[in-house]
Amino acid sequence: MQYHQDGFRPGDPALAPAQEEAGSAPEAVDVLVVGSGPAGLTLAAQLSRFPEISFRIAERREGPLLMGQADGLACRSLEMFQAFGFAERVLKESYWVNEVSFWRPGPEGLHRADRIRDVEEDLSEMPHVILSQARLHDFYLELIASGARRVTPDYGHELISVLRGEGTHPVTATFRLPDGSESQIRARYLVGCDGARSRVRGAMGHSLKGEAARQLWGVMDILAVTDFPDIRLKAAIQTEDRGAMLIIPREGGHLVRMYMELDQLAEGERAADRAVTPDLLVARAQSILAPYNLEVREVVWSSAYEIGQRVCDAFDDRDQGPPRLFIAGDACHTHSPKAGQGMNVSMADAYNLGWKLAAVLRGQAEENLLLTYSDERRAKAKELIDFDRDMARLFAAKPKGKAEEAQFQHYFKKHARYTAGVETRYDASLICGLETDQTLASGQIVGMRFHSAPVIRLADARPLQLGHILLADGRWRLLAFAPKGDEGAAGGVVASLCDALQPLIARFTPEGADSDSLLDLRAIFQEEHRSLEITRMPPLLRPRVGRLGLTDYEKVFCADPADDIFDRRGIDRARGALVVVRPDGYVAQVLPLTATDRLAEFFEGFMRRP
Ligand SMILES: Cc1cc2nc3c(=O)[nH]c(=O)nc-3n(C[C@H](O)[C@H](O)[C@H](O)COP(=O)(O)OP(=O)(O)OC[C@H]3O[C@@H](n4cnc5c(N)ncnc54)[C@H](O)[C@@H]3O)c2cc1C
């Protein structure tokens, strides 16, 4: 973490200096976020990183969520929390899913059919963890309130209508307040993160499309005593004729979540119509676990809810002109909790949209960038629905024999990468290149998230994960992996790249701003860190930054001989590679280190000159 850049400032460095109007609730804002679930809070967290962007979060509830709802956090979400700066807090409080067991009926009753590792080696530097959605909200709320505008949600604001008109703030949203009165907020952009029954989606004229059949699910968080041996492991249990259950151990060492698939709902029927009580869920869990005992001492939270596998036609209102309204999260796709994706995919939607809105609002990008949000995320939502359907079918099927048993486990293993959130791959577009030079960095796939690996920072010899420099600060990263023998000296490939990049960076960077404020160049050398000198690096890799013109010493890294990033990520040792990473951590381009013309052409496609 870098601070004191604009002069020494005592106190918590994570707290941005407050703006004069901090804490106010303007009637017209750049972005109005409706809903403070995982999608809304991720979007707000991203916007809060930019003091110049005004935003509000409107929430129907009277206050923050305290318990319940989703709890699975995929490796990729942890990587995103790292970019926001609160991954360590999540790691500290959460349950870590290390192994999964599978239980099946056998001649002697329920038996453990298999027990496997949950996340494969080197999938991510982050684990798969379980933490209450409510706690995650707490971390986000703190982060948002630490931004320069000190934003907190407007609780008790129920959206009742949205109108799109003309002018600088063309969207007008009307809210009903707890005392029955109404209030209006105008915005340049409105993002509906208002859940599965989204009013914003309705106002856009869109609907969720997909399977009419809706599955009823029961879920409970309990404190219990049991002789079932895998109560502290994630466990999938299938029985002959008593149904199936998923056990998810929870944070804190005692809490356990149990998911049970109940019935299909009839047309027009709602979960609430079935009166699924905690007692019913406890009895069902006891029956599935028999002959093991389950004594429930406290039902902390329980819920029954219906799931349809559905996705919306478009996630924006492009049919009305340049998009002004967007939806994210459950507002645009719904699926079962089996694959643990609801919260993760919702946050990924918002993370994809956040930097794009910020880039347009900050005058860095053309509005056409915004169209890529729906294009990219809708394609991923459709994949998720297909995956969820297959998973649901396999989970619900009565185990008939060894072949089906093996099929279920095989599917589970094969898709562990998918559920970890690291399989997302965006198609070639305005902001995602082709695979022409993919062989230069075979482990950094264009369209997929940048895959971290260890490096050593040259100036202070600090070992760190290279992926952890990808902060959620709206900047593009240009990662130059140097060819063998290059030490950064004049005339070398990296120094020549720096020379060629100077005019390109100057073209898009506003006058007076730091040279790395939009395009942030970093270099990774193959040489041992003690053999290189930071003072011999090209000026672009030691830029002067901030009000005082201090030197940034954190742009240059060396491979760690004990775990070499060039080997681990398939970087061409002879030619090196230029890996271009988007502000949301996805690889946009893999290019030769000499291809600055192609890089310029790429940025010209959507960036705006100041
Ligand atoms: C009751 C419930 C139980 C769930 N249980 C599980 C579970 O056990 N496991 C699992 O994986 N997933 C579960 N989910 C799903 C999971 O929580 C979601 O996938 C995830 O939260 C999606 O995030 P989101 O931000 O898109 O939507 P949400 O988390 O649904 O957030 C939407 C927010 O918008 C607010 N809102 C809605 N309408 C308006 C309005 N008109 N005006 C203002 N605000 C509005 C809501 O109050 C809410 O805070 C559950 C969801 C619900 C609602």
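On a predicted model such as this, the values are computed, not experimentally measured, just so you know.

Rules and cut-offs
Residues numbered from 1 in each chain as written. Predicted model: local features only at pLDDT ≥ 70, side-chain atom pairs only at ≥ 80, totals over all residues. Heavy atoms only, no water. 1 Å grid on protein atoms, 1.4 Å probe; cavity = no way out; pocket = protein on both sides within 12 Å on 5 of 7 lines; lining within 4 Å. Points joined across faces, edges and corners; volume = space filled by probe spheres on them. Helix = DSSP H or I, 4+ residues; strand = E, 2+ residues; numbered from the N terminus. Nonpolar A, V, L, I, M, F, W, Y, C, P; charged D, E, K, R; others polar. Near = heavy atom within 4 Å. Polar contact = N/O pair within 3.5 Å; in protein donor to acceptor, adjacent residues only side chain to side chain. Areas by Shrake-Rupley, 256 points an atom, 1.4 Å probe, with all protein chains shown as cover. Axes fitted to C-alpha atoms, helices over the stretch in contact; angles between N-to-C directions. Parallel < 35°, antiparallel > 145°, perpendicular 65-115°, else oblique. Left-handed = near helix turned anticlockwise from the far one by under 90°. Contact = heavy atoms within 4.5 Å. Buried < 20%, exposed > 50% of the residue type's maximum accessible area, 1.4 Å probe, protein only. Pairing = 2+ DSSP bridges.

A few words on empty space enclosed by the protein. Applying the stated rule across the entire model yields 6 cavities of 30 Å³ or more. Along its surface, the largest cavity is lined by 23 residues, and Val-345, Ala-348, Arg-377, Gly-421 and Thr-424 are the ones closest to its centre. Going through the elements one at a time, α2 (75–84), α7 (342–361) and α8 (371–396) are the ones with two or more residues in the lining of the largest cavity. With 6 residues, α7 is the largest single contributor of residues to the lining of the largest cavity. Split by residue class, the lining of the largest cavity holds 11 nonpolar, 6 polar and 6 charged. The wall of the second largest cavity is formed by 14 residues, among which Arg-76, Glu-79, Ala-83, Gly-467 and Leu-470 lie closest to the centre. Residues belonging to the lining of the second largest cavity are distributed by class as follows: 5 nonpolar, 5 polar and 4 charged.

Once that is clear, we can look at the site of the ligand. Neighbouring the ligand are 30 residues, the closest being Glu-59, Arg-61, Leu-159, Tyr-259 and Asp-330. Within the contact set of the ligand, an oxygen atom lies 3.5 Å away from a side-chain nitrogen or oxygen of Ser-346. Here the ligand, which alone exposes 960 Å², has 86% of that area covered by the protein. Looking at which element gives the most residues to the shell around the ligand, the answer is α7, with 3 residues.

What follows deals with the packing of α2 against helix α4 (residues 133–145). Between α2 and α4, the least distance of the axes is 12 Å, while the angle of their chain directions is 25°. By the angle between their directions, the pair α2 and α4 is classed as roughly parallel. As α2 packs across α4, the resulting crossing turns out to be left-handed. Here Met-80, Phe-81 and Phe-84 of α2 come into contact with α4, specifically with Leu-136, Tyr-140 and Leu-143. Residue composition of the contact of α2 with α4, grouped by class: 6 nonpolar, no polar and no charged.

Right, let's get into the side chain of Asp-520. With respect to the helices, strands and loops of the structure, Asp-520 is situated in strand β23 (residues 519–525). Only 3.0 Å separates the side chain of Asp-520 from the side chain of Arg-477, close enough to count as a polar contact. With sequence-adjacent residues up to four places away left out, Asp-520 is seen in contact with Arg-475, Trp-476, Arg-477, Leu-478 and Lys-555.

The next thing to look at is the pairing of strand β14 (residues 244–249). Counting buried residues along β14, 6 of its 6 residues qualify, which places the element largely inside the surrounding structure. Burial of β14 is two-sided: the residues Ala-244, Leu-246 and Ile-248 facing one way and the residues Met-245, Ile-247 and Pro-249 facing the other way are all buried. Of the pairings in the sheet, the one linking strand β13 (residues 234–238) to β14 comprises 4 bridges and is antiparallel in character. By the bridge assignment, Ala-236 is partnered in β14 with Leu-246. Adjacent in sequence and paired antiparallel, β13 and β14 are bridged by 5 residues, among which Gly-243 carries a positive phi angle near 95°.

Turning our eyes to something else, we now look at the sheet that holds strand β22 (residues 476–481). Read from one edge to the other, the open sheet built from 7 strands follows the order β21-β20-β26-β23-β22-β27-β28, with strand pairing classed as mixed. Of all strands in the sheet, those with a lone pairing partner are β21 (463–465) and β28 (587–591), marking the two edges. Strand-to-strand twist across the sheet, computed as the mean angle between neighbouring axes with direction ignored, equals 30°. Sheet analysis places β22 next to strand β27 (residues 577–581), joined by 5 bridges and oriented antiparallel. Bridge assignment links Leu-478 to a residue of β27, and that residue is Val-580.

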